[in-house]
Amino acid sequence: MMITFRLNDADVSARVSAPTSLLDVLRDDLGAFGTKSVCEQGECGSCSVVLDGEVVCSCLVMAADAEGSDITTVEGISADGLHPVQAAMHAAGAVQCGFCTPGIVVTAAALFDTNPHPSKDEIKEALAGNICRCTGYGAIVRAFEDLASG
Amino acid sequence: MTTTIGSRVSEMAGRVGDSPTRPDGIEKLRGEFVYAQDLHADRMLWGATVRSPHPHARVVSIDISPALAIGGVHAVLTADDVPGRATFGLEQPDQPVLAGGEVRYWGEPVAVVAAEDHDTARRAAAAIVVEYEVLDPLVDPEEADRLDEVFRRMTIRRGDPDAAGSVVVEGYYEVGMQDQAPLGTEAGLAVPDGHGGVDLYATSQFVHVDQEQVVASLGLDSGQVRSHPAGVGGAFGAREDVNLHIHLCLLALHTGRPVKMVYHRSESFTGHVHRHPARLWYRHHADDEGRLVRVEARVLIDGGAYASTTAAVLANACYFAVGPYRCDSVAVDGAGTRTNNPPCGAMRGFGAVQVCFAHEAQMDRLAAALDMDPIDLRRRNALVGGDSMPTTGQTIETPLPTIEVIDSLLAMPMPGPDIPDDHHHLPGGSGLTTEAGDVVRGVGYALGIKNLGFSEGFDDFAQARVRLTAEGAIVETAAIEVGQGLVTVLAQIARSALGVSQAHVRHVDTSQIDSAGSTSASRQTQVSGGATLEAATRLRDAVLARYGGDRLDDEGVWKGANLVAPMDEVAAAGLSETATFRHPPTTPPDENGQGGVHADFAVAGHRAVVDVDPELGLVRVVRLDTAQDVGKALNPESVRGQIEGGIMQGVGLAIMEELILDNGVIRNPNFTDYLLPTILDAPDVEALLIEQDGSWGPFGAKGVGEPPTISSTAAVAAAIRVATGRPITRVPVRPQDIVGV
Amino acid sequence: MEFHHPTTLDEALDALDVGAVPLAGGTDLMVEVNFGHARPDHVVGLRRVEELRSWDGSTIGAGVTWRRIEDLGPKALAEAARTVGSPQIRNAGTLGGNVATASPAGDGLPFLAAVDAMIDLRSSSGARSVPWSDFFVGVKRTAIEPGELIVSVTLPDELPERQAFGKVGVRNAMVIATVCCVVTRSDDGTTRVALGSVAPTTVRARAAEQMISEVGTPTESDLAEFARLVSEEVSPITDHRSTAGYRRHASGVLARRLLERCLT
């Protein structure tokens, strides 16, 4: 079956023949490699996208269920140059291997959209579903504390 | 001289000592960086692997016909299809490319398929019928030791075997099996070149050694296989061994098409080696004043089914079994066993992690027996530059600021004594299990020591080439960037050595440059950095000589106040220099484990502040501060990143990360049940960098990647002991261990 | 594959009747799909069915997400909601999904057990409501019949004034409960204690409830006896996450602490 949805402000279509995840369709069919596949069970947040206004794990969305939906990935967040969360992470040295980075960008962008000055605890609660294995989270927290104080 | 890191990253000069932003940072932030998982080629097929469901079995038959009958399947390969050497391995080639008559661990590859798409490949793999005769697995490392099923035994004997102390403490300790769990799983693409050769782009830590093993198993000439550095999403030791590399090349050459493979997460848990679980028996002797008189240890690590790097990990564990302390009478016996458990190999810390947990517990026990402050005991016995290693007798030639580490830790401010009253800061978090009145706080200290670089006479070198072009300086290397920031620091070294502001790293493949060695053993900054410094320095000298100048910068070559050659002209000359850097030679141990076995050392200390709910056995690590011997911090912000990341892995091993084995089968090969620390589990960290001149690394740099993982686990365990009075003799600590049920 | 996108409950029920598998937030079903344990080729997506997302007083639509329950739910259910997975999971996962999956470790389920919630079912041929204790019959097994859909969960109009929730896990986020518990206490002393992860289904510690409900002002030794009774009424297992002994011990400790919270 063909599915159609809005991806980063453009209409896209894909053919799905199985209960494939949105994550697999983004990567394998639509060439949107920014969203990462890491755990396949919603335990790491690396596949985070915005679906109809909410941050969700795209590995847990059945692609066919995204019919008619509005989806934003890391590519969409970067569309007009660097988003403030990306600039903040870059300046703070919060990127090492970078595999968790797109998921964190999507999640943090959604946080700052609704709460421009989150506290340290609010930053951590918002990112509780995003695992990073390289940084120990220190630089990530500093990046967003800096952004929150600006 | 010590440095405390400031919080701002410099974007200005980008030279050694600055903290420029990383050159691949923007790409990674925008999701544009190409990882091995993202590679694509025209007419690409997808590969999948059939794996043994048994830890030990005879392979009776393999029926591949159901897979071949599926439309879109292009190849199904088994052991008979391996044209060259049937086995591979980092230390010994003992691991079958594809299992022949016998499978020896749960998840061992038996066959591989290539098909039109990912889904078809997985279905084809599932359709293959393998008949097994199930055999009893050997899973107890002590039984394996008794049966002499070992990859290596180590014997270390130094000093008077009859030395005895007036105070003796003994202990038995266990360390569970940790996994590196990099977020990027194993992935790669192999592209046949149409002339019988192949180009491989795969997750790796050492492309040259991958290439050698592919060449051997494919029965090709070396020039026919090129292994290219690819984007890697973390490694921590999991990428040193070959896993899908030979499979991909086999499938590509067999089908004549590019073949891609990406391991899914549970497969990844069987697809790479793990940290060796360990059992450790110790006896420490001291005199009445607390001087160590003798240390005896028995170290048993389980290497699982195949050799991987067990021999080297065992050696390391034995060499660092005493820790950073002076002791003139030492006896260590070690064994790395062969069992039907999953193969174990390199993980950040490489044997030193396991013994550090034990030797630091022993030092605390000794302090208690002596009625002495545990820090004073450590200070009294601290191993410093110029001393002899307690185990190998090697004189420590570079500075070893153990006393400064201790003093720095003690001087770090402690958090206020009040336990906060809000669940964000209590054990149990949003689970609301615990209130401030249920909490006891404990503070624990630990010290650790690690070697830097490869040891025991291994010819450890790296090659780098530096070119001067219109785009600035280019550093060519096969050294693998796994996230640690090598691409940043090599460019900094080039800028500092040449005097130009533009420099970047270009990754080249095995046919274009000689080996850079492994991205492991905390060695790349020192060894590839050393090669880069040497090449860049020679290049500068060559440029100055060519144009008769005395200074080089962005504008070109100057002689006095005259610009004798503008940069365009210099760049057009296409000059380059290639350097191969070797660290000071090491020697293999003698039959008693004695000798100049290591190239360099680094010491670090950790102080953990933990809040424990003793009734429920829940732990929150509030702070984990550290002082680390870094030689010279070439990029302080990157060093801080390595320290914070390593500390988090140390905390993980202390309280939550363990692969649970049940008769050789991994019960929790997924992220629901193999628990990685989240942002809510991260302690606050202050990192003090201790800089002292004297190391052979570029500008005096020492490697920094591993020390953060070595004593952080032990510090958390020590803090839990202080808070609860429980002995805590195994890590990870589980709630039931604290409660005592 | 065939995928239905109903916007009304009747359309959804019609799809069920022709064999479609229901899909709400996907946080349980898609894990099965991703790991190759399920491959439904006929699915009905429930995200767009407005009736399922309604929240009418005590009747919470099955499609209401944990995110909304965090903000709007009764105290102990909201506290439970805050521990479900991660923010991403809470944006997608639903109360109805938690009920339908019927895992013994389901975070929202002890609350339903403690308040004796009703599970409201609809099929194309009718409607029925089943009390929680009759609905959750075994590990991942419920009393739902083919063609039936959970449409809402109805709580009693009057909920106990004092409620407390707790969940024991080894990590501070995204953790499957080792033990979870809800305790409620009304002004007249009536106490309810429900636990998860300590038996095949949720457990009501009825002997402990009875004992403590009769004590107006429990003393330390009353609380100790209460904890002892709770730990006797659970039947936990040892698995890769924890041991039976620890779960039994933690049940008593947690229930006691939650009761103390209700008493202050």
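Please read all numbers here as calculations on a predicted model, not as lab measurements.

The next point concerns the overall build of chain C. The number of helices and strands found in chain C is eleven helices and 14 strands. Taken over the C-alpha trace, chain C has a radius of gyration of 19 Å; the compact-globule value for 264 residues is 18 Å, and the two agree within 12%. In terms of overall dimensions, chain C has a C-alpha envelope of 60 × 40 × 30 Å along the principal axes. Going through the 264 residues of chain C one by one, you find that 59% of them count as buried. The long-range fraction of contacts in chain C, counting pairs at least 24 apart against all pairs at least 6 apart in sequence, stands at 60%. Entry remark: accessible area of chain C is about 10000 Å², with carbon and sulfur atoms responsible for 49%. When the 27 positive and 34 negative side-chain charges of chain C are each reduced to one mean point, those points stand 8 Å apart.

Moving on to helix H3 (residues 118-127) of chain B. Residues and elements named next belong to chain B. Buried within H3 are the following residues: Thr 120, Ala 121, Ala 124 and Ala 125. Each buried residue of H3 sits inside an arc of 135° when the element is viewed along its axis, so together they form one side. On its buried face, H3 sits against strand S2 (45-51), helix H2 (65-68), strand S4 (73-77) and strand S8 (109-115).

In this section: the sheet that holds strand S32 (residues 730-731) of chain B. All names here are of chain B. One open sheet holds the six strands; their spatial order is S10-S18-S17-S16-S11-S32, and the pairing between them is mixed. Each having just a single partner strand, strand S10 (150-158) and S32 make up the two edges of the open sheet. The sheet contact formed by strand S11 (residues 167-175) and S32 spans two bridges and is parallel. Within S32, the residue paired with Glu 174 across the bridge is Arg 730. The sheet contacts of helix H9 (residues 352-370) involve S11, strand S16 (278-286), strand S17 (292-302) and S32, and relative to S11 the element is tilted by about 150°.

Moving on to the sheet that holds strand S14 (residues 203-204) of chain C. Residue and element names in this part refer to chain C. Ordered by their spatial adjacency, four strands build an open sheet running S11-S12-S13-S14, and the pairing between neighbours is antiparallel. Two strands close off the open sheet at either side, each with one partner strand: strand S11 (162-168) and S14. Packed on one face of the sheet, helix H11 (residues 244-263) meets S11, strand S12 (179-185) and strand S13 (191-196) and runs near 30° to S12.

In this section: the confidence of the model for chain B. Looking at chain B as a whole, its pLDDT mean stands at 96, while 98% of the residues score no less than 70. Taken together, the stretch residues 1-12 of chain B has pLDDT below 50 and engages in 36 contacts with residues farther than four places along the chain or on a different chain.

Counted according to the given criterion, the structure contains 79 salt bridges over all chains. Where Arg 22 of chain B meets Glu 481 of chain B, a salt bridge forms, and the shortest distance between an N and an O atom there is 2.9 Å. You can see Arg 22 of chain B sitting in the loop between strand S1 (2-4) and helix H1 (25-30) and its partner Glu 481 of chain B sitting in the loop between strand S21 (472-477) and helix H12 (486-498), a full 459 residues away along the chain. Residue Arg 22 of chain B shares its accessibility class with Glu 481 of chain B, and that shared class is buried. Here Arg 298 of chain B and Asp 145 of chain B are joined by a salt bridge, their closest N and O atoms 3.1 Å apart. Here Arg 298 of chain B, found in strand S17, pairs with Asp 145 of chain B, found in helix H4 (residues 141-146); they are 153 residues apart in sequence, far enough to count as distant. We classify Arg 298 of chain B as partly exposed; its relative accessible area is 32%. Shared partners join several salt bridges into a network, and the residues in it are Asp 438, Asp 613 and Glu 615 of chain B together with Arg 256, Arg 257 and Glu 260 of chain C.

The partner chain C presents 29 residues to the 36 residues of chain A that form the contact. Together, the buried faces of chain A and chain C total about 2500 Å²; carbon and sulfur atoms form 58% of this surface. Together, Leu 60, Met 62 and Asp 65 of chain A form the three largest contributors to the area buried by chain A at its contact with chain C, with a combined 26%. Linking chain A with chain C are four salt bridges. With a closest N to O distance of 3.1 Å, Asp 52 of chain A and Arg 47 of chain C form a salt bridge.

Within the fold, Thr 469 of chain B resides in strand S20 (residues 461-469). Of the polar contacts made by the side chain of Thr 469 of chain B, one reaches the backbone nitrogen of Glu 471 of chain B; its length is 3.0 Å.

Take the interface of chain B and chain A next. Between chain B and chain A, the contact holds 57 residues from the first and 50 residues from the second. Carbon and sulfur atoms supply 55% of the area buried between chain B and chain A, which totals about 4300 Å² over both sides. The three residues of chain B that bury the most area against chain A are Leu 29, Leu 183 and Ile 679 of chain B, which together make up 20% of that side's buried surface. On the surface where chain B and chain A come into contact, there are five salt bridges.

With that settled, consider the pairing of S13 of chain C. Residue and element names in this part refer to chain C. Along S13, five of the six residues are buried, which leaves the element largely enclosed by surrounding structure. In the sheet, S12 pairs with S13 via six bridges, with the strands oriented antiparallel. Within the sheet, the bridge partner assigned to Val 182 lies in S13 and is Ala 194. Pairing analysis gives two bridges linking S13 to S14, with the strands arranged antiparallel. If you follow Ala 194 over to S14, its bridge partner there is Arg 204. Linking S13 to S14, which pair antiparallel, is a turn of six residues; within it Ser 197 sits at a positive phi near 70°.

On to the nonpolar core, then. Membership of the largest hydrophobic core comes to 155 residues, with the highest contact counts inside it found for Met 89 and Phe 144 of chain A together with Val 716 and Ile 720 of chain B. Top element by residues in this core is H9 of chain B. It accounts for eleven residues. Sequence-distant contacts of Val 716 of chain B, defined by excluding residues within four places in its chain, comprise Ala 608, Val 610, Val 621, Leu 624, Val 651, Ala 654 and Ile 655 of chain B.

With that settled, the discussion passes to unusual backbone geometry. Residue and element names in this part refer to chain B. Cis rather than trans, the peptide bond between Val 731 and Pro 732 has omega equal to -5°. Residue placement: Pro 732 occurs in the loop between S32 and helix H17 (735-739). One non-glycine residue, Asp 371, adopts positive backbone phi at about 55°. Tracing the sequence through the fold places Asp 371 in the loop between H9 and helix H10 (374-381). Notably, Ile 728 is not glycine yet its phi reads approximately 45°, a positive angle. Within the element layout of this structure, Ile 728 appears in the loop between helix H16 (707-724) and S32. Given the relative accessible area of 5%, Ile 728 is considered buried.

Moving on to the pairing of S4 of chain B. All names here are of chain B. Most of S4 is tucked away: four of the five residues are buried. Where S4 lies against S8, four bridges are found, and the strand directions are antiparallel. Within S8, the residue paired with Val 76 across the bridge is Val 113.

Before going further, it helps to examine the packing of helix H4 (residues 101-114) of chain A against helix H6 (residues 138-149) of chain A. Residue and element names in this part refer to chain A. It is at 12 Å that the axes of H4 and H6 come closest, and there the two elements cross at 25°. On the basis of their axis angle, the class for H4 and H6 is roughly parallel. Considering how the two elements wind past one another, H4 and H6 form a crossing that is right-handed. Two secondary-structure elements touch here, H4 through Ile 104, Ala 108 and Phe 112 and H6 through Ile 140, Phe 144, Leu 147 and Ala 148.

Each packed pair of helices is defined by two parameters, the angle between the axes and the distance between the axes. Residue and element names in this part refer to chain B. Contact pair helix H5 (residues 207-218) / helix H6 (residues 245-255): the axes reach a minimum separation of 9 Å and the direction vectors enclose 50°. One way to sum up the angle between H5 and H6 is to call them oblique. In the crossing of H5 with H6, the sense of the turn from one axis to the other is right-handed. In this structure, H5 contributes Asp 210, Gln 213, Val 214, Ser 217 and Leu 218 to the contact, and H6 contributes His 245, Ile 246, Cys 249, Leu 250 and Leu 253. Classifying every residue of the contact of H5 with H6 gives six nonpolar, three polar and one charged.

This part takes up a negative patch on the surface. Residue and element names in this part refer to chain C. On the surface, Asp 157, Glu 158, Glu 161, Asp 187 and Asp 188 cluster together into a patch of negative charge. Within the secondary structure, Asp 157 is located in the loop between strand S10 (149-154) and S11. The exposure class assigned to Asp 157 is exposed, which follows from its relative accessible area of 70%.

Reading the values: rules and limits
- Residues numbered from 1 in each chain as written.
- Chains lettered and ligands numbered in written order.
- Predicted model: local features only at pLDDT ≥ 70, side-chain atom pairs only at ≥ 80, totals over all residues.
- Heavy atoms only, no water.
- Helix = DSSP H or I, 4+ residues; strand = E, 2+ residues; numbered from the N terminus.
- Rg over C-alpha atoms; globule rule 2.2 N^0.38 Å.
- Buried < 20%, exposed > 50% of the residue type's maximum accessible area, 1.4 Å probe, protein only.
- Contact = heavy atoms within 4.5 Å.
- Areas by Shrake-Rupley, 256 points an atom, 1.4 Å probe, with all protein chains shown as cover.
- Lys, Arg positive; Asp, Glu negative; His and termini not counted.
- Charge placed at Lys NZ, Arg CZ, Asp CG, Glu CD.
- Arc of directions from axis to C-beta.
- Pairing = 2+ DSSP bridges.
- Axes fitted to C-alpha atoms, helices over the stretch in contact; angles between N-to-C directions.
- pLDDT = per-residue confidence, 0-100.
- Salt bridge = Lys/Arg side-chain N within 4 Å of Asp/Glu carboxyl O.
- Buried area = accessible area lost by both parts, 1.4 Å probe.
- Polar contact = N/O pair within 3.5 Å; in protein donor to acceptor, adjacent residues only side chain to side chain.
- Core = buried A, V, L, I, M, F, W, Y, C linked by side-chain atoms within 4.5 Å.
- Parallel < 35°, antiparallel > 145°, perpendicular 65-115°, else oblique.
- Left-handed = near helix turned anticlockwise from the far one by under 90°.
- Nonpolar A, V, L, I, M, F, W, Y, C, P; charged D, E, K, R; others polar.
- Patch = residues over 30% accessible without salt bridge, like charges linked within 9 Å, V, L, I, M, F, W, Y side chains within 5 Å.

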